[in-house]
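# Breakdown of the fold
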Amino acid sequence: MPFDFLPAPPLALNTLAVFGLLLGFGAVGGYIAHRFEWLPSITGFMLVGFALGPSGLGVISAGTLAESRVLVDIALGLILYRLGLSLDVRAVLRSRFLMAAAALESILTLAGVWGVLALLGVPSLTAALIGAITISSSPAVLIHVSHELKAAGPVTDNARALVAMNNVIAFLVFIAVLPGLFAAAQAPWQNTVFSPLYRLFGSLLLAVAIGYALHRLARMSKQATQYRLALVIGAVMLALGLAQMLNLSMLLAPLALGIVVRNLEKKALIADVEFGEAFELFFIALFVFAGANLHVHELVKYAPLAFALVAVRSLAKWGGVLATGTACRLPREQSRSTGLLLIPMAGLAIGLVNTTQSLFPDASAMVSAIVLAAVAIFETIGPPIAAQAFRMAGEVGKAADNHG
């Protein structure tokens, strides 16, 4: 046939085209945000994503977003790996404040969210699962805003450690709730008992194996520093790919990998590898994608539940850290600022919702709607809260001073 070399309609955006749109328009959104000192660039990324997405102009359809999910998996995997690097297990075990704060604010979050949702009519098991998910905090908001403001100091360090601990605890509690969901779905007892354990220990073993191999390779090639970044990116991609292939957690594997690398090294070889300005690409893609996935109708439908969740979770995070800091005699401003930095919630929560959808498609509708509605609120208020917290702590610009 003549002209059979032309593309056949209807044309649909592919993953490469979506990535280009996310970066291009995201950069424009970030530039606009920079024109206003009070507006973090993350908010600009999300607003642009919302305008491009199904709830906005519809340039990127819901189907195209689903097909391009691999972009978010890569971005979130790298961010979680980088966050894992901030968790020095030995230092945490020596810190009464970090141990007590993580335990108290996580317990308060789980109990508070579970209780208020159950009180508002959400089934108890569903409320417990949502409570487990909301223990998590956003590493992307913390890392991006701290980098943007050049923040450094004890509040920044403590917040990074607590966010990493929050995400590990969230995953562990999520795993603990899964048997109840399997039982409610009348799944075989083998699935009820062994599926959560397989996901947990399989992801940890995968992280340990890849982390040890990465550590050994870095030691063998320590003279060739130009290849360190390639080794790190390759290890994270391998962890994500094998986790997907083996039906493990693509969230826990990269986070645990970062923790393993950080705690294997006595003398830093790859734990201090800088990702450079290229790392900004993944933040832009993640937040523009998140903005495109915002659904106004879900936010409106579940607004009372979502706002109640946001209020209780924010108070639990902030109050738990403040109470612990007071008991440990930390400066009050440090405790207040650190607690505020745990309020943003995004990537890991979305990932755990997706895990719920894949495991329990029939029972995940309410979990998805409530959590995503809350995430929409947290992603809107989170970046300005984080920026204000760094300013309250007096740590803005300190990273530049430390390096120069």
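In the block above lies the structure referred to throughout.
For clarity, every value in this text was computed on a predicted model and none was experimentally measured.

### What to know about the overall build of the protein
Tallying secondary structure elements over the protein gives 19 helices and 0 strands in all. The C-alpha radius of gyration computed for the protein amounts to 21 Å, which stays within 12% of the reference 22 Å derived for 404 residues, consistent with globular compactness. Principal axes of the C-alpha set define a box for the protein whose edges measure 75 × 60 × 50 Å. Among the 404 residues that make up the protein, the fraction classed as buried is 52%. Here the protein has roughly 18,300 Å² of accessible surface; of this, 67% comes from carbon and sulfur atoms. Positive and negative side-chain charges of the protein, numbering 24 and 19 respectively, have mean locations separated by a distance of 11 Å.

### A few points about the packing of aromatic side chains
In this description, an aromatic ring pair is defined by two values, namely the gap between the centres and the angle between the planes. Evaluated as defined, the whole model comprises 2 aromatic pairs. Between F182 and F360, the ring centres sit 4.9 Å apart and the planes meet at 65 degrees, which makes this aromatic pair edge-to-face. Of the two residues, F182 is situated in helix α9 (residues 154-184) and F360 in the loop between α17 (347-359) and α18 (365-393); the sequence distance between them amounts to 178 residues. According to the relative accessible area criterion, F182 is buried, its value standing at 6%. Look at W189 and F194: their rings are 6.1 Å apart centre to centre, the planes differ by 55 degrees, and that puts the pair in the tilted class. Taking the ring centre of F378 as reference, the NZ or CZ of R313 above it sits at 4.7 Å.

### As for α9
The end-to-end C-alpha distance of α9 is 45 Å, a good match for the 45 Å that 31 residues give at a rise of 1.5 Å each. By the largest-angle criterion, V177 marks the main kink of α9, which is about 25 degrees, and a proline, P179, follows within four residues. Trailing α9 by a residue or two, Q186 shows a phi angle of about 55 degrees, which is positive.

### Section: the pattern of salt bridges
Taken as a whole, this structure holds 3 salt bridges when the rule is applied. For E333, the salt bridge is made with R336, and the minimal N-O distance between the two is 3.6 Å. With E333 and R336 both in helix α16 (residues 332-341) and 3 residues apart, this pair spans about one turn of that helix. The class of E333 is partly exposed, set by a relative accessible area of 34%.

### Structural notes on the environment of R160
Along the chain, the position of R160 falls in helix α9. As for R160 and G77, which are separated by 83 residues in sequence, their C-alpha atoms are 16 Å apart. With residues up to four places along the chain from it excluded, the contact list for R160 reads L83, S86, L142, I143 and S146.

### Observations regarding helix α15 (residues 303-327)
What sets the pattern is the α-helix's 3.6 residues per turn: residues three or four places apart point alike. Between the first and last C-alpha of α15 there are 36 Å, a value that for 25 residues agrees with the 36 Å anticipated at 1.5 Å per step. Positioned one or two residues after α15, R329 has a phi angle of 60 degrees, which is positive.

### Some points on a nonpolar patch on the surface
Taken together, the side chains of W189, V193, F194, L197, F201 and L204 present a nonpolar region at the surface, about 590 Å² in accessible area. Residue position: F201 is located in helix α10 (residues 189-220). A residue is classified by how much of its surface remains accessible, and F201, at 47% relative accessible area, is partly exposed.

### Here we look at the environment of I60
For I60, the position within the fold is in the loop between α2 (41-52) and α3 (62-67). Taking relative accessible area as the criterion, I60 reaches 0% and is therefore assigned buried. Considered as a pair, I60 and L13 are 47 residues apart in the sequence and their alpha carbons are 7.6 Å apart. Residues contacting I60, with those up to four places away along its chain left out, are L13, V18, L21, L22, L52, G53, P54 and L65.

### With respect to unusual backbone geometry
In the Ramachandran plot, K150 falls in the positive-phi region, its phi being about 55 degrees despite a non-glycine side chain. Within the element layout of this structure, K150 appears in the loop between α8 (139-148) and α9. Look at R329: it is not a glycine, yet its phi comes out positive at around 60 degrees. Residue placement: R329 occurs in the loop between α15 and α16.

### Quick notes on the nonpolar core
With 128 residues, the main nonpolar core has Y81, L117, I133, L162, L257 and F287 as its most contacted residues. With 16 residues, α9 is the single largest residue contributor to this core. Sequence-distant contacts of I133, that is, excluding residues within four places in its chain, are made with A170, F174, M345, A349, L352, V353, T356, V367 and V371.

What counts, and at which threshold
- Residues numbered from 1 in each chain as written.
- Predicted model: local features only at pLDDT ≥ 70, side-chain atom pairs only at ≥ 80, totals over all residues.
- Heavy atoms only, no water.
- Helix = DSSP H or I, 4+ residues; strand = E, 2+ residues; numbered from the N terminus.
- Rg over C-alpha atoms; globule rule 2.2 N^0.38 Å.
- Buried < 20%, exposed > 50% of the residue type's maximum accessible area, 1.4 Å probe, protein only.
- Areas by Shrake-Rupley, 256 points an atom, 1.4 Å probe, with all protein chains shown as cover.
- Lys, Arg positive; Asp, Glu negative; His and termini not counted.
- Charge placed at Lys NZ, Arg CZ, Asp CG, Glu CD.
- Phe/Tyr/Trp six-rings, centres within 6.5 Å; stacked < 30°, edge-to-face > 60°.
- Lys NZ or Arg CZ within 6 Å of the ring centre and 35° of its normal.
- Expected span 1.5 Å × (residues − 1).
- Bend = angle between axes of the 7 residues up to and from the residue.
- Salt bridge = Lys/Arg side-chain N within 4 Å of Asp/Glu carboxyl O.
- Contact = heavy atoms within 4.5 Å.
- Patch = residues over 30% accessible without salt bridge, like charges linked within 9 Å, V, L, I, M, F, W, Y side chains within 5 Å.
- Core = buried A, V, L, I, M, F, W, Y, C linked by side-chain atoms within 4.5 Å.

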